[in-house]
Amino acid sequence: MPPQAGPQPEDPASDRTARTGFWLVGARGGVATTAAVGWSALTRGLIGTTGLVTELPALAGAGLKDWDQFVLGGCELRPGRLRDSAAEAGIPPALIEACAADLDAIDARIAPGVVHNSGPAIDELADEQADGGLARRFPTPRAAVDAIRADLDRFREQQRLERVVVVVTASTEPPTDEPSLPPTWDELNATLTSTDCPLRAGSLYAIAAIESGAAFVNFTPSLGASCAAIDDLAKRSGVCHAGRDGKTGETLLKTVLAPMLASRNLEVMSWVGHNILGNADGRVLSSPEHKSSKLGCKDAALQSLLGYSPQSLVSIEYVPSLGERKTAWNHVHFRGFMGVEMTLQLTWQGHDSALAAPLVLDLARLVDASAGRGESGALGALACFFKSPCGAPLAGHSEQFAALLAHYA
Ligand SMILES: NC(=O)c1ccc[n+]([C@@H]2O[C@H](COP(=O)([O-])OP(=O)(O)OC[C@H]3O[C@@H](n4cnc5c(N)ncnc54)[C@H](O)[C@@H]3O)[C@@H](O)[C@H]2O)c1
């Protein structure tokens with residue numbers, strides 16, 4: 001391959017035909033940091049592949065890139081070092097040490113993040129950093145989009161990347177006023193120069209990614225690209241996207257158990273889920289405005305899976321002593337033959353970031369393959385990874401998993 005013009009890559013052996021960049025938004029958060037350590041440990045052969053869906057034998061022929069064909073970068077509001085975020089996320093010190101060189105290299109590629117209409121808890125997070133931290137603010141959404149695009153273009157050029165996948169793992173934003181959004185990209189685009197535009201930073205990252213030709217993944221409950229106008233932009237641009245809100249624990253159980261109960265013609269009368277967690281995500285979600293985005297995603301499944309709406313309650317409480325160890329208790333009250341009442345109770349105790357990080361890596365790898373195949377618009381085949389999938393109706397997990405294999409295997 002002839003030498004490329006422009007900035008030189010960090011690795012002179014790098015090959016534009018082979019490498020894809022993952023741009024992690026919220027790069028020093030628990031999920032992104034665990035994904036970064038996991039990616040480094042995989043490329044160094046330090047860990048196995050348990051927890052990675054793309055390492056299942058069924059996907060061996062999917063033509064996915066190897067882990068060492070990816071380069072990580074991203075943006076953040078918080079200064080600091082990935083090594084320290086990894087320690088906060090409870091990753092063993094020996095593993096952090098073994099991956100330290102990779103983490104330092106990623107740190108050097110972390111740009112300041114963009115805060116725009118992001119809600120009080122994210123404003124507080126940005127404001128509490130010394131010297132204003134890394135947050136950038138812009139007078140209009142269009143100015144913010146252009147600045148993010150410049151970061152992505154720089155990443156692509158400096159690392160000589162064939163493709164870029166932007167993955168949002170930033171703190172959850174409050175809900176966006178979706179009914180006020182126009183249905184087409186031309187109409188939405190016209191509002192980006194106005195301060196009245198209701199879009200939040202998570203959607204501006206989506207627009208910037210798509211405009212720059214990068215595929216987009218929204219791992220958070222924030223709106224991201226999940227509206228008609230941004231999907232319209234993606235389709236017109238020939239860019240694919242996937243979202244919304246990674247399905248890692250309680251909702252994974254719901255999408256397995258609700259179809260099971262329905263297939264036995266058992267009548268669910270109520271489904272109550274109480275969640276307690278103590279990490280930084282839990283702190284942001286303790287703000288009622290931010291929490292309502294998460295509750296909306298968690299509560300959406302039952303009507304679609306059962307065909308009716310039982311009484312349903314989901315709560316999320318911040319308990320700092322728990323750190324990453326999230327506990328979800330579910331109480332399902334149902335009725336069987338002759339009206340006999342029964343109860344299913346279960347407790348899920350997960351390490352939040354260890355559940356989420358492999359899915360982030362899987363998603364980036366699969367979306368990269370879709371981008372390579374020239375797919376555009378919402379990737380419904382990835383629904384099994386999300387609580388509120390875009391591009392596919394909500395369905396049971398086994399149905400969603402079959403769709404994944406049918407598309408990629
Ligand atoms: N099991 C899971 O952990 C799980 C499952 C599904 C979804 N999620 C979602 O993933 C996201 C990340 O979770 P986490 O536990 O890593 O949270 P976290 O609070 O540890 O990390 C989020 C990071 O995003 C940064 N950030 C916030 N706004 C930003 C912006 N506008 N630009 C750039 N950076 C920004 C914060 O500074 C923080 O470092 C959350 O939205 C969470 O709801 C997590």
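Residues numbered from 1 in each chain as written. Predicted model: local features only at pLDDT ≥ 70, side-chain atom pairs only at ≥ 80, totals over all residues. Heavy atoms only, no water.

### Brief notes about the site of the ligand
Inspection of the region around the ligand gives 30 residues, with Gly30, Val31, Glu76, Val114 and Tyr205 positioned closest. Residue Ser171 places a main-chain N or O atom 3.4 Å away from an oxygen atom belonging to the ligand. In this structure, Thr172 approaches the ligand through a side-chain N or O atom, which is 2.9 Å from an oxygen atom. Bound to the protein, the ligand loses 98% of the 850 Å² it would expose on its own. For the shell around the ligand, the elements supplying multiple residues, two or more each, are helix H1 (30-43), helix H4 (120-127), helix H10 (280-285) and helix H13 (352-372). Taken domain by domain, the makeup of the shell around the ligand includes at least three residues from each of domain 1 (20-246 + 354-408) and domain 2 (250-351). (Near = heavy atom within 4 Å. Polar contact = N/O pair within 3.5 Å; in protein donor to acceptor, adjacent residues only side chain to side chain. Areas by Shrake-Rupley, 256 points an atom, 1.4 Å probe, with all protein chains shown as cover. Helix = DSSP H or I, 4+ residues; strand = E, 2+ residues; numbered from the N terminus. Domains from an automatic or database assignment.)

### A short note on the nonpolar core
Within soluble globular proteins, side chains that are nonpolar generally end up buried alongside one another. Counting 52 residues, the largest nonpolar core has Val165, Leu361, Val367, Leu382, Phe385, Leu404 and Tyr408 as the members making the most contacts within it. In terms of residue count, the dominant contributor to this core is H13 (ten residues). The contact partners of Phe385, leaving out residues within four places of it in the chain, are Val53, Asp245, Gly246, Lys247, Leu359, Asp362, Leu363, Leu366 and Leu404. Among the nonpolar cores identified, the runner-up in size contains 39 residues, and Val25, Leu161, Leu204 and Val239 belong to it. (Core = buried A, V, L, I, M, F, W, Y, C linked by side-chain atoms within 4.5 Å. Buried < 20%, exposed > 50% of the residue type's maximum accessible area, 1.4 Å probe, protein only. Contact = heavy atoms within 4.5 Å.)

### Here's the deal with a nonpolar patch on the surface
Residues Phe337, Met338, Val340 and Met342 make up a contiguous nonpolar surface patch of roughly 490 Å² in combined accessible area. You can see Val340 is positioned in the loop between strand E9 (325-335) and strand E10 (341-351). (Patch = residues over 30% accessible without salt bridge, like charges linked within 9 Å, V, L, I, M, F, W, Y side chains within 5 Å. Salt bridge = Lys/Arg side-chain N within 4 Å of Asp/Glu carboxyl O.)

### Remarks on the side chain of Arg156
For Arg156, the position within the fold is in helix H5 (residues 141-158). Residue Arg156 is classed as buried on the basis of its relative accessible area, which comes to 14%. Those residues in contact with Arg156 that sit more than four places away from it in its chain are Leu161, Val164, Ser212, Gly213 and Ala214.

### A few points about the sheet that holds strand E1 (residues 20-25)
Reading across from one edge, E3-E2-E1-E4-E5-E6-E11 is the order of the seven strands in this open sheet, with parallel pairing throughout. Edge positions in the sheet fall to strand E3 (110-112) and strand E11 (377-378), since each of these pairs with one other strand and no more. Relative to strand E5 (residues 215-218), strand E4 (residues 163-168) runs parallel, the two sharing four bridges. Paired with Val167 across the strands is Val217, a residue of E5. Where H5 meets the sheet, its contacts fall on E1, strand E2 (70-76), E3 and E4, and the angle it forms with E1 comes to roughly 145°. (Pairing = 2+ DSSP bridges. Axes fitted to C-alpha atoms, helices over the stretch in contact; angles between N-to-C directions.)

### Examining the packing of H5 against helix H7 (residues 201-211)
Relative orientation of the contacting elements H5 and H7 amounts to 50°, with a least axis distance of 8 Å. By the criterion of interaxial angle, the relationship of H5 to H7 is oblique. Remark: the crossing between H5 and H7 carries right-handed chirality. Facing H5, whose interface residues are Pro141, Arg142, Ala144, Val145, Ile148, Arg149 and Leu152, H7 presents Leu204, Tyr205, Ile207, Ala208, Ala209 and Glu211. Of the residues assigned to the contact of H5 with H7, the class counts are ten nonpolar, no polar and three charged. (Parallel < 35°, antiparallel > 145°, perpendicular 65-115°, else oblique. Left-handed = near helix turned anticlockwise from the far one by under 90°. Nonpolar A, V, L, I, M, F, W, Y, C, P; charged D, E, K, R; others polar.)

### Regarding the pattern of salt bridges
A full pass over the atoms with the stated rule returns 26 salt bridges. Where Asp368 meets Arg163, a salt bridge forms, and the shortest distance between an N and an O atom there is 2.7 Å. Of the two residues, Asp368 is situated in helix H13 and Arg163 in strand E4; the sequence distance between them amounts to 205 residues. The residue Arg236 makes a salt bridge to Asp186 at a minimum N-O spacing of 3.0 Å. Note that Arg236 is positioned in helix H8 (residues 228-237) and Asp186 in helix H6 (residues 185-191), a separation of 50 residues in sequence. Overall, Arg236 belongs to the partly exposed group, its relative accessible area being 48%.

### Thoughts on the packing of aromatic side chains
Per the counting criterion, the structure on display carries three aromatic pairs. Ring centres of Trp23 and Phe155 lie 5.0 Å apart, and the angle between their planes is 50°; this geometry places the pair in the tilted category. Here Trp23, found in strand E1, pairs with Phe155, found in helix H5; they are 132 residues apart in sequence, far enough to count as distant. For Phe155, a relative accessible area of 4% puts it in the buried group. Aromatic ring contacts, followed pair by pair, group Phe22, Trp67 and Phe70 into a single cluster. (Phe/Tyr/Trp six-rings, centres within 6.5 Å; stacked < 30°, edge-to-face > 60°.)

### Observations concerning the pairing of strand E6 (residues 240-243)
In E6, alternate side chains face the same way, and those of Cys240 and Ala242 on one face and His241 and Gly243 on the other are all buried. The pairing of E5 with E6 spans three bridges and is classified as parallel. Note on E6: the bridge partner recorded for Val217 is Ala242. With H8 bridging E5 and its parallel neighbour E6, the resulting β-α-β unit is right-handed. Note: E6 against E11, two bridges, orientation parallel. From the neighbouring strand, His241 faces E11, where its bridge partner is Ala378. (Right-handed = clockwise from strand over helix to strand, strands pointing away.)

### What about the packing of H1 against helix H3 (residues 93-107)?
Two elements in contact, H1 and H3, have axes separated by 9 Å at closest approach and are oriented at 110°. When the interaxial angle is binned, H1 and H3 end up roughly perpendicular. Contacts from Ala36, Val37, Trp39, Ser40, Ala41 and Thr43 of H1 reach H3 at Leu95, Cys99, Asp102, Leu103 and Ile106. Considered class by class, the residues forming the contact of H1 with H3 number eight nonpolar, two polar and one charged.

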